Amino acid sequence: MAGGNERSMKALKEVWKRAENSLCADCGKPDPDWASSTLGVFICLSCSGIHRNIPSISKVKSLKMDHWDDAQVQFLAKHGNAVTKATYEGHIPIYYYQPNYNDCQVLREQWIRAKYERKEFTEPGKHLPYSDGVKEGILWKRGRDNGQFLPRKFFLSEREGCLKYFTKQDAKEPKINVKIDVINATFQPVKIGNPNGLQITYLKDNKTRNIFVYHESGKEVVDWFNAIRSVQFHYLKVAFPIASDNEIKNRLTRNFLKEGYMEKTGPKQREAFKKRWFTLDHRRLMYFKDPLDAFAKGEVFVGSRENGYSVQKGLPAGTQGNFSWHYGLTIVTPDREYLFTCETETDQLAWITAFTSVINQAMTPQEYASKCLDAVSFPS
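Residues numbered from 1 in each chain as written. Predicted model: local features only at pLDDT ≥ 70, side-chain atom pairs only at ≥ 80, totals over all residues. Heavy atoms only, no water.

Would you mind going over the pairing of strand 11 (residues 258–264) with me for this structure?
Regular strands show a simple pattern: their side chains alternate between the two faces of the sheet. When you tally the buried positions in strand 11, you get six out of seven residues, the bulk of the element. Strand direction decides the pairing type here: strand 11 and strand 12 (residues 274–281), joined by seven bridges, are antiparallel. Each residue of the ladder has a partner; that of lysine 264, found in strand 12, is lysine 274. Across two bridges, the pairing between strand 11 and strand 17 (residues 337–342) is antiparallel. Paired with glutamate 263 across the strands is threonine 341, a residue of strand 17. (Buried < 20%, exposed > 50% of the residue type's maximum accessible area, 1.4 Å probe, protein only. Helix = DSSP H or I, 4+ residues; strand = E, 2+ residues; numbered from the N terminus. Pairing = 2+ DSSP bridges.)

This is the structure we're talking about:
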C-alpha cells in the first residue's frame, strides 16, 4: 500500500512539473499547487476556491496535502493544462477579456464559469450574450450629486457606435450619448463598495467623466464589460482597416496604471499640501477630492522622456509648503514641476515606477494631439 502511494506521488510530481502546468490554467499565477480531478487542470489556491463553488463541474484537491489515487493521476497525465485549454479555450473572441491573478473576483469567477460551466468557447460561431453588437438593460448607477445608486436603463449599439443611458425607463432622449471610441471601463469593486462595481469613463470636452455602476449579477456585469469591448473592437476595425487584430485589441478597455492618495501643492509651490485621490490612466494624471467624484479637479498630461518629462524621487530643495507626508516625488514637465508627497516609502516607489513606465514610452501621434488639447496644469 505504501509503495502504491509512493508510486502515485512520484507520477503526480512528474505531471505537475511539466512546463505546461507551471502556471495556473485560469489566471496564470505561477506555481499552482491545486488541481481539478474532473477537468485535469492545475490551478492556484484562489481559483480553486471558485472551482469549489461549481462542484457539478469541478472537484479540486491540493497537490501537496491531499491523496491522489492512480486513476486520478493518470487522468491528470492524460489532460493537463495544454489539452484542457485546447478544449475549453479553443474559440475565445479576440475582444474577450481574459483576466489574470491581479484581477478582481467577479472577472475571474465569470471567466472560469464561462469556460467550464457554460462552455462558451468550445465551438466556433457559438452565440454569445456579448457578441450581438447591441445590449440593453438596467444597471445601478451612482448619482453624480447625491451619491445614491439608482436603476438606470443603458443601451449599447455597434451600429450607432455609442453607449447611452436614460434616467427613466420610458424616456425618449438619453441623459448621455457617448461615442464608443472615447469610453473606457474597468472593474472597481473596492472603490465602489460592491463586488460587481464597474467604472465607466469617457472624454467630455477632452476631460474625463466617471460613471460608477454595478449589477446584482456577476455574469450580467461582466457581459456588459465584454459587450463594450466587442462593440469597440468592431468599431475600430472599420475606423482602422489596416490595423491588425492584436493592435486593435490593445486599444480596448484598460485598467488604470495606479490609483491612490497623495498630497499635492499648487503651482506656486508655497501652498499647503492637500490630500487628494489620484488616478494615472496612461498619460492622464487626474486628481479628485473624493475617489467617486464624477469629474476630476484637475488633469495633467504625462509625456515621454524625449519630450522633456521625468519623475524624480523627493521634493526640490527649499520646498516651502506644509505637508504631513514625507515621501516626496516630483514630476518634471516642459511647463512646470508638480510636487507630491506619499504616506509611505512603498507608495512613493510604486508611484515612481508607474510614472517611469509611462515616461519611458514614446508618444504616438494621437497622444501629441491629445497634449495640445489637454489641461496644462492642476489648479491649486
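How do you make sense of the environment of lysine 297 when you look at a structure like this?
Take lysine 297: it is sitting in the loop between strand 13 (284–288) and strand 14 (298–301). For the pair formed by lysine 297 and tyrosine 287, sequence separation is 10 residues and the distance between their alpha carbons is 5.8 Å.

Please clarify how the layout of surface pockets should be interpreted in this entry.
One way to see where empty space is left: roll a probe the size of a water molecule over the atoms. As a volume, the largest pocket reaches approximately 1,100 Å³. What lines the largest pocket is a set of 32 residues, among which Asp181, Leu203, Arg251, Arg254 and Gln366 lie closest to the centre. For the lining of the largest pocket, the secondary structure elements donating two or more residues are strand 8 (183–187), strand 9 (198–204), helix 7 (218–239) and helix 10 (365–373). Looking at which domains feed residues into the lining of the largest pocket, each of domain 2 (134–250) and domain 3 (258–376) gives three or more. (1 Å grid on protein atoms, 1.4 Å probe; cavity = no way out; pocket = protein on both sides within 12 Å on 5 of 7 lines; lining within 4 Å. Points joined across faces, edges and corners; volume = space filled by probe spheres on them. Domains from an automatic or database assignment.)

I'm lost on helix 4 (residues 80–88) in this one. Help?
The α-helix advances 3.6 residues per turn, and as a result positions three or four apart in sequence lie on the same side. Listed as buried for helix 4 are Gly80, Asn81, Thr84 and Tyr88. All buried residues of helix 4 fall inside an arc of 115° around its axis, so they share one side. (Arc of directions from axis to C-beta.)

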